[in-house]
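Observations on the model geometry
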Amino acid sequence: MVHKVKAVVVREKNAPVSVETILVPDPGPGEALEDVLTCGVCHTDLHYTLGGIGDEFPYLLGHEATGVVAAVGEGVTEVAAGDRVILNWRAVCGQCRACAKGQPQYCFNTANATQKMTLEDGTELSPALGIGAFAEKTLVAAGQCTKVDEDADPAAVGLLGCGVMAGIGAAINTGEVKRGESVAVIGCGGVGIAAIAGAKLAGATTIIAVDIDENKIQMAKNLGATHGVNSRTSDPVEAIRELTGGNGADVVIEAVGRPETYKQAFYARDLAGRVVLVGVPTPEMVLELPLLDVFGRGGSLKSSWYGDCLPSRDFPMLVAHYKAGNLDLDAFVSERITIDQVEEAFAKMHEGKVLRSVVEISSVVEIESAAGTQAAAADTAVASV
C-alpha cells in the first residue's frame with residue numbers, strides 16, 4: 001500500500017519550501033512507517049534548502065521528530081505498531097569497526113530506509129538526515145526509532161532528535177563535564193543553550209554564556225548559565241578568565257563553527273582543559289593555531305558528532321530528567337506552528353527570534369481515530385468476503 005500525505009519539500013537550491021503531496025510506501029524488511037506527531041525546525045533543514053549539505057534535490061525536509069509507529073516490516077523487533085518514538089539519525093549497525101570497539105555512538109554505518117518516498121510524479125525524494133519528518137507520515141529504518149514514554153509532551157522531547165541532543169551531548173558526553181567544573185559556551189543558539197542545560201545537568205557550578213545578542217544571553221541564563229558575556233563589547237577570553245579565577249574554564253564548548261570563535265575557545269580554557277567543537281563549519285574555513293600552543297596548553301581538542309549520543313541510552317535518560325523537572329525542554333519550544341509555516345519559521349530562526357519552532361503535524365487522537373477507521377474498513381472487507 002502507498003500512502004498519499006502532505007509534506008514539506010524543497011525542489012532546488014535557494015528555492016522556498018512548498019507543501020506537496022508525496023507517496024510513502026508501506027515498510028519493507030527492517031523498516032518502520034511513522035505517523036509524525038511533531039517536528040522541530042532545525043538549522044540543518046535550512047542548510048539543506050541553501051545547498052549547504054548536498055545537491056540531491058528535491059529534499060523532504062524535517063528530522064527532529066516524534067511519532068507513533070504505524071506499521072513495521074519483516075524482521076523488526078525493536079518497535080511495534082502503536083509505540084511512541086523519537087526519531088534519530090544514528091541507527092547503530094552493531095557491526096562496523098566503531099561498534100566492534102564498543103563505541104556505537106560513533107557508528108560509521110548507520111541505516112536509513114531502503115525504499116524511497118517520492119513525489120506524485122515518481123520523482124525520488126532525499127529525506128533530510130535519512131528521516132524527512134515534515135510530513136504526515138514518513139518511512140525510516142526501524143533502528144531510527146527510539147521508544148519513549150507516552151506521557152511526555154512530544155513537541156518538547158522530539159527536540160532530542162537533533163539540536164538539543166547535540167548540545168546536551170557536547171557537554172555530558174564529549175566534554176565529560178563533571179560536578180563542580182567551570183564551563184563556557186560560545187554561541188547561544190539552540191545548540192549552545194542546550195549545551196548550557198547539559199552543563200547544569202552534569203553539575204557544573206560556573207556556566208558562562210557568550211554571545212553577541214543580549215536576548216540570547218538572557219535565554220541562556222534562564223536555562224542554567226550563571227554568567228553572561230557579550231562578546232560584541234567585551235573580550236570573551238579575558239572575561240572567561242576573569243570569571244574563573246584567572247585560569248580559564250575547565251571546558252569550553254564552541255557552538256558557532258567559525259575559526260575566530262574556535263580560537264577564543266582554545267585560549268579561554270584552563271591548562272589541560274577541554275575544547276569541544278559542536279558548531280558546524282563550512283568547507284572553506286581554515287583554522288590556524290601555533291603548534292607550540294597546542295602542545296603547551298595540553299588537554300584535549302574534541303569534535304562532537306550529534307553530541308556523541310547513543311539514542312537508545314540517552315533519549316530515555318533525558319526524557320526521565322525532563323519528567324522529573326531536572327531538564328526544562330519546554331523552554332526550548334518557542335512556538336508551535338502548522339506544516340505550512342515552515343518558511344516563516346526559517347526566517348525567525350535566522351533572525352535569532354526563536355530557540356525552536358515546532359511543527360505540530362498530527363495529534364495522538366487523530367492517529368488513533370485514523371487507525372480505528374482503517375481497522376473497521378478491514379473488518380468490513382473481510383466480512384463481505
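Please refer to the structure higher up on the page.
Residues numbered from 1 in each chain as written. Predicted model: local features only at pLDDT ≥ 70, side-chain atom pairs only at ≥ 80, totals over all residues. Heavy atoms only, no water.

**Focus on the sheet that holds strand 1 (residues 2-10)**
Taken in spatial order, the 5 strands line up as 7-2-1-4-8 in an open sheet, and their pairing is mixed. The open sheet has two edge strands with one neighbour each: strand 7 (118-119) and strand 8 (126-127). (Pairing = 2+ DSSP bridges. Helix = DSSP H or I, 4+ residues; strand = E, 2+ residues; numbered from the N terminus.)

**Here's the deal with the pairing of strand 9 (residues 137-141)**
With 5 of 5 residues buried, strand 9 lies mostly within the body of the structure. Of the pairings in the sheet, the one linking strand 3 (residues 31-40) to strand 9 comprises 5 bridges and is antiparallel in character. When the sheet's bridge partners are listed, Leu 33 is paired in strand 9 with Leu 139. (Buried < 20%, exposed > 50% of the residue type's maximum accessible area, 1.4 Å probe, protein only.)

**Focus on the side chain of Thr 38**
Relative to the elements of secondary structure, Thr 38 occurs in strand 3. At 2.7 Å, the side chain of Thr 38 forms a polar contact with the side chain of Thr 66. Ignoring any residue separated from it by four or fewer positions in sequence, one finds Thr 38 in contact with Glu 64, Ala 65, Thr 66, Pro 154, Ala 155, Val 358, Val 359 and Glu 360. (Polar contact = N/O pair within 3.5 Å; in protein donor to acceptor, adjacent residues only side chain to side chain. Contact = heavy atoms within 4.5 Å.)

**Re the packing of helix 7 (residues 236-243) against helix 8 (residues 259-268)**
For any two helices packed against each other, one specifies the inter-axial angle together with the distance between the axes. Interhelical geometry of helix 7 versus helix 8 gives an angle of 30° and a closest axis separation of 9 Å. Of the possible angle classes, the one that applies to helix 7 and helix 8 is roughly parallel. Relative to helix 8, helix 7 is oriented so that their crossing is right-handed. Residue-level inspection shows Pro 236, Val 237, Ile 240 and Arg 241 of helix 7 in contact with helix 8, the latter providing Gln 264, Tyr 267 and Ala 268. (Axes fitted to C-alpha atoms, helices over the stretch in contact; angles between N-to-C directions. Parallel < 35°, antiparallel > 145°, perpendicular 65-115°, else oblique. Left-handed = near helix turned anticlockwise from the far one by under 90°.)

**Observations regarding the packing of aromatic side chains**
Using the criterion set out here, one finds 5 aromatic pairs in the structure. Where Phe 57 meets Tyr 59, the ring centres are 4.9 Å apart and the plane angle is 75°; that geometry is what we call edge-to-face. Note on Tyr 59: relative accessible area 4%, which makes it buried. Ring centres of Trp 89 and Tyr 306 lie 3.9 Å apart, and the angle between their planes is 5°; on these two criteria the pair is classed as stacked. Placement of the pair is Trp 89 in the loop between strand 6 (84-87) and helix 2 (97-100) and Tyr 306 in the loop between strand 16 (300-303) and helix 10 (311-323), with a sequence separation of 217 residues. The class for Tyr 306 is buried, based on a relative accessible area of 3%. Three or more aromatic residues joined by ring pairs form one cluster here, namely Tyr 48, Phe 57 and Tyr 59. Arg 297 extends its terminal NZ or CZ atom over the ring of Phe 266, reaching a point 6.0 Å from the ring centre. (Phe/Tyr/Trp six-rings, centres within 6.5 Å; stacked < 30°, edge-to-face > 60°. Lys NZ or Arg CZ within 6 Å of the ring centre and 35° of its normal.)

**Quick look at the environment of Asp 45**
Along the chain, Asp 45 falls in helix 1 (residues 43-49). Sequence separation of Asp 45 and Val 342 is 297 residues, and the distance between their C-alpha atoms is 9.9 Å. Residues contacting Asp 45, with those up to four places away along its chain left out, are Gly 40, Leu 61, Gly 62, His 63, Ala 128, Phe 134 and Phe 346. For Asp 45, the side chain forms a polar contact with the side chain of His 63, separated by 3.2 Å.

**Re the environment of Pro 236**
With respect to the helices and strands, the residue Pro 236 is situated in helix 7. Take Pro 236: its relative accessible area is 6%, and that puts it in the buried class. Along the chain, Pro 236 and Val 69 lie 167 residues apart, while their C-alpha atoms are 47 Å from each other. Not counting chain neighbours up to four residues away, the residues in contact with Pro 236 comprise Val 210, Val 229, Ser 231 and Gln 264.

**Concerning the sheet that holds strand 14 (residues 249-254)**
Sheet strands associate in pairs through backbone hydrogen bonding, adopting either a parallel or an antiparallel arrangement. Reading across the sheet, the 6 strands line up as 13-12-11-14-15-16 and stay open at both edges, with parallel pairing between neighbours. Strands at the two margins of the open sheet, each flanked by one partner only, are strand 13 (227-230) and strand 16. Going from strand to strand, the sheet's axes swing by 20° on average, the running direction of each strand aside. Pairing geometry for strand 11 (residues 182-186) and strand 12 (residues 206-211), over 5 bridges, is parallel. The residue bridging Ile 186 from the neighbouring strand is Val 210, located in strand 12. Packing of helix 6 (residues 214-222) onto the sheet brings it into contact with strand 12 and strand 13, and relative to strand 13 it is tilted by some 165°.

**Section: unusual backbone geometry**
Pro 58 follows Phe 57 through a cis peptide bond whose omega is 0°. Secondary-structure assignment places Pro 58 in the loop between helix 1 and strand 4 (59-60). With a phi close to 65°, Ala 272 is a non-glycine residue in the positive phi region. Residue placement: Ala 272 occurs in strand 15 (residues 269-277). For Ala 272, a relative accessible area of 52% puts it in the exposed group.

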